[in-house]
Each structure stands twice: as structure tokens, then as C-alpha cells.
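Below are the chains, spelled out letter by letter.
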Amino acid sequence: MPATLHPASTPTHLAAAGSLLLITGGSRGIGAATARLAAQAGWHVVLGYASDAAAAEAVVAELHALGVMAWALQADVADEAAVGRLFSQVDTLCARNALVLRGLANNAGVVDRAQRLDEMSGERLRRMVAVNLLGSLYCAREAVRRMSTRHGGTGGAIVNLSSVAGRLGAPGQYVDYAATKGAIDTFTLGLAREVATEGVRVNAVRPGVIDTEIHASGGQPERAWQLAPQIPMQRPGAADEVAQAVVWLLSPAASYTTGAVLDVTGGR
Ligand code: NAP
């Protein structure tokens, strides 16, 4: 007997009409690149950001020029109440503009200075876990509450930003960061299976060394190019090259892909 295709499984890289994508950490780097590519695929976009309102608004202006609706909303993903308020604002935008939240890119993330674990402060460790792990859990929880058919939703897709550090461990650099990203991989697998029959797909992209400002924020602005000799392709990746994978996983073209962790690492 031939396999029955899901009725909505016509492969397409375009978002369904009226689809809204929330990207945390959308003001620069991989999040901003994802926003631009997603807009080209027809997504309307809410960008979350932590503090740089001007950068977020500049990305929003680019998205408007691409012909989609877009907004920038401030929310520290480490703050559970702030994430709740962010999703309430998303609900209001959806109601006012006839949009449906169908995508979440859990992209906000931080690194810190290169240190050994025995040098790290408790404050640093708590921040790392709060932003990179708890932030993704809070946002995914709110998204599932809206997307899952179990809650009356119509389905959707979540993409978590992991890191190759999660499988390399980042010794002497930031084992705390690496540990949060290893946890993201596990979380991706578990949540994907938990909601697999509820119309929600959950995947992760595991970037290698990507040329963004995150390295400067960790006090190593030259890090991406310094590591080039250790990368099989002998260069860092560009934010766009990661965004391509994120937008594909969000799209209906990835309709049978869930629980996947996709390396975008130049072979690292
Ligand atoms: P980035 O250039 O440093 O951008 C980080 C973004 O996250 C900014 O928009 C920032 O907002 C936002 N953000 C930071 N802390 C936040 C918080 N507490 N709440 C809400 N938003 C917050 O980073 P990136 O390189 O694009 O990295 C994006 C994701 O990919 C991260 O999860 C990172 O771990 C992962 N990744 C990156 C690399 C790499 O080499 N670049 C490699 C592997 C994985 P503001 O502008 O307002 O501060």
C-alpha cells in the first residue's frame, strides 16, 4: 500500500500565508541573517533583542523593505516573566494583523571570556545557564502552548541554536557555554518526540565557528579567523550560511524532519 502523504506536505520553502516567526536575538549576527532570509520566504517576523534597540529597529526596517510585517520587541530571555510578556505581545500582534505564530527560532545566546571552570564565578555560570538554556526552554514552552494541536493551535516549527561546542566541550575556553549547548541538543530531541503528533516539529542547528560579533563579546574579536586552520574548510562560516539551515528547518519543505541536529560547521 502506498504511504499516505500528509495533506500539507507539498514541499515548499515558502511560509504559509499569514505566518509569524519569532526570532530571539534578532538584532544582529545569525538572528538578523535568519530574519532577512525568512522574510524572503514570506514570513512576517518579530525580532527579540536584549538591549540594542537601534540595531533591532534597523533590521526591522530592512524587513519592511522586503514587503513583510516586522516588529522588534525587547525581552531578556533569561527572565521568565519577560518571556511571558513577549509572547503576550506576540498574541496581540497576531490578533491585530490576522497572523498565526508558526515559527520560533530560539537563537538568543551568550558566551563569556575564555576561562577554565576553576576560574569562573557563580554569577557567570548562572547567567550562562539562564540565557542559553532556560531562555530556550521558556520560549519553546510558550510556543508549544500556542502551536500545539493539543492546545488548539494549528502546528508550527521550532529551531534551537546549538553549537559545535556542545560536542567538542570547549576546554579552556568556555565549558559552561558548551554544556548549555549540549543540553540544547538533548532538549531538542526530547521535545521533538513529545510533540511529534501535535503538529509541532523541533530541530536544532549546530553551527561551528561563525564570523559574528559574539566572539568580540567574549573578548576575542579575532577568534573566528584565528580558528580557521582548525576547520576542514579553512574558514569560519557566515551568518547567512547558518540562517539557510534555520529557515529550511522552519519551512514546510522540512515537513518530515523533527528531532534533527544539523551541523553547519565547515566539516569541523
Ligand atoms: P551575537 O552576534 O552575539 O548576537 C546575539 C543576539 O542575542 C543579539 O541579538 C543579542 O541582543 C541577543 N541576546 C543576547 N543576550 C540576550 C538575552 N539575555 N535575551 C535576549 N536576547 C539576547 O550572536 P550570534 O553569533 O549571532 O549567535 C546566535 C546563536 O548562535 C547563539 O545562540 C550562539 O550561541 C549560537 N552560535 C554561534 C556561533 C558563532 O560562532 N557565532 C557558533 C555556534 C553557535 P542585543 O543585540 O540586544 O544584545
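Under an unreviewed UniProt entry, the name given to the protein is Short-chain dehydrogenase/reductase SDR, and the organism recorded is Leptothrix cholodnii. Looking at the Sequence similarities (unreviewed entry) heading of the UniProt record, one finds this comment for the protein: "Belongs to the short-chain dehydrogenases/reductases (SDR) family."

Taken together, 31 residues lie near the ligand, and Ser27, Ile30, Ser51, Tyr177 and Thr212 sit nearest. In the model, an oxygen atom of the ligand is placed 2.8 Å from a nitrogen or oxygen of the Ile30 main chain. Measuring from an oxygen atom of the ligand, one finds a backbone N or O atom of Asn107 at 2.8 Å. For the ligand, whose unbound accessible area comes to 900 Å², protein coverage reaches 95%. Contributions of two or more residues to the shell around the ligand are made by α1 (29–40), α6 (175–194) and α7 (214–217). Taken together, the residues of the shell around the ligand sort by class into 14 nonpolar, 12 polar and 5 charged.

What follows covers the pairing of strand β5 (residues 156–161). Across a regular strand the side chains alternate sides, sitting on one face of the sheet and then on the other. With 6 of its 6 residues buried, β5 lies for the most part within the structure. Burial along β5 is two-sided: Gly156, Ile158 and Asn160 and Ala157, Val159 and Leu161, pointing in opposite directions, are all buried. Of the pairings in the sheet, the one linking strand β4 (residues 100–106) to β5 comprises 4 bridges and is parallel in character. Each bridged residue has a counterpart across the sheet, and for Gly103 the counterpart in β5 is Ala157. Each parallel crossover has a hand, and for β4 linked through helix α4 (residues 122–147) to β5 it is right-handed. Relative to strand β6 (residues 200–207), β5 runs parallel, the two being bridged by 6 bridges. Note that in β6 the partner of Val159 across the bridge is Asn203.

Now for the UniProt feature "domain: Ketoreductase" (unreviewed entry) in the protein. The UniProt entry lists residues 19–212 under the feature "domain: Ketoreductase" (unreviewed entry), expressed in the numbering used here. Taken end to end, residues 19–212 is 48% helix and 19% strand, and its first and last C-alpha atoms sit 28 Å apart.

Here we come to the packing of α4 against α6. Interhelical geometry of α4 versus α6 gives an angle of 20 degrees and a closest axis separation of 9 Å. Between α4 and α6, the crossing angle belongs to the class labelled roughly parallel. In this structure, α4 meets α6 at a crossing whose hand is right-handed. Listed contacts from α6 to Arg124, Leu125, Met128, Val129, Asn132, Leu133, Ser136, Leu137, Ala140 and Val144 of α4 are Asp176, Tyr177, Thr180, Lys181, Ala183, Ile184, Phe187 and Leu191. Here the contact of α4 with α6 is built from residues that sort into 12 nonpolar, 3 polar and 3 charged.

With that settled, the discussion passes to helix α2 (residues 53–65). The terminal C-alpha atoms of α2, which comprises 13 residues, lie 18 Å apart, in line with the 18 Å expected from a rise of 1.5 Å per residue. In the core, the buried residues of α2 are packed alongside α1, β2 (44–49) and β3 (70–74). Trailing α2 by a residue or two, Gly67 shows a phi angle of about 90 degrees, which is positive.

With that settled, the discussion passes to the pattern of salt bridges. If you walk through the whole model with that rule in mind, you get 13 salt bridges. Put simply, Asp118 and Arg116 hold a salt bridge, and the shortest N to O gap is 2.6 Å. As a salt-bridge pair, Asp176 and Arg124 come within 2.8 Å of each other at their nearest N and O atoms. Residue Asp176 is found in helix α6, and its partner Arg124 is found in helix α4; the two are separated by 52 residues along the sequence. Each member of the pair Asp176 and Arg124 is classed as buried. Among the charged side chains, a network of salt bridges with common partners joins Glu80, Asp91, Arg141, Glu142, Arg145 and Arg146.

A word on the environment of Gly172. Within the element layout of this structure, Gly172 appears in the loop between α5 (165–168) and α6. By relative accessible area, Gly172 is classed as partly exposed at 46%. Along the sequence, Gly172 and Asp79 sit 93 residues apart, while their C-alpha atoms lie 29 Å from each other.

Criteria and cut-off values
- Residues numbered from 1 in each chain as written.
- Predicted model: local features only at pLDDT ≥ 70, side-chain atom pairs only at ≥ 80, totals over all residues.
- Heavy atoms only, no water.
- UniProt positions renumbered as here; feature names shortened; annotations may be inferred.
- Near = heavy atom within 4 Å.
- Polar contact = N/O pair within 3.5 Å; in protein donor to acceptor, adjacent residues only side chain to side chain.
- Areas by Shrake-Rupley, 256 points an atom, 1.4 Å probe, with all protein chains shown as cover.
- Helix = DSSP H or I, 4+ residues; strand = E, 2+ residues; numbered from the N terminus.
- Nonpolar A, V, L, I, M, F, W, Y, C, P; charged D, E, K, R; others polar.
- Buried < 20%, exposed > 50% of the residue type's maximum accessible area, 1.4 Å probe, protein only.
- Pairing = 2+ DSSP bridges.
- Right-handed = clockwise from strand over helix to strand, strands pointing away.
- Axes fitted to C-alpha atoms, helices over the stretch in contact; angles between N-to-C directions.
- Parallel < 35°, antiparallel > 145°, perpendicular 65-115°, else oblique.
- Left-handed = near helix turned anticlockwise from the far one by under 90°.
- Contact = heavy atoms within 4.5 Å.
- Expected span 1.5 Å × (residues − 1).
- Salt bridge = Lys/Arg side-chain N within 4 Å of Asp/Glu carboxyl O.

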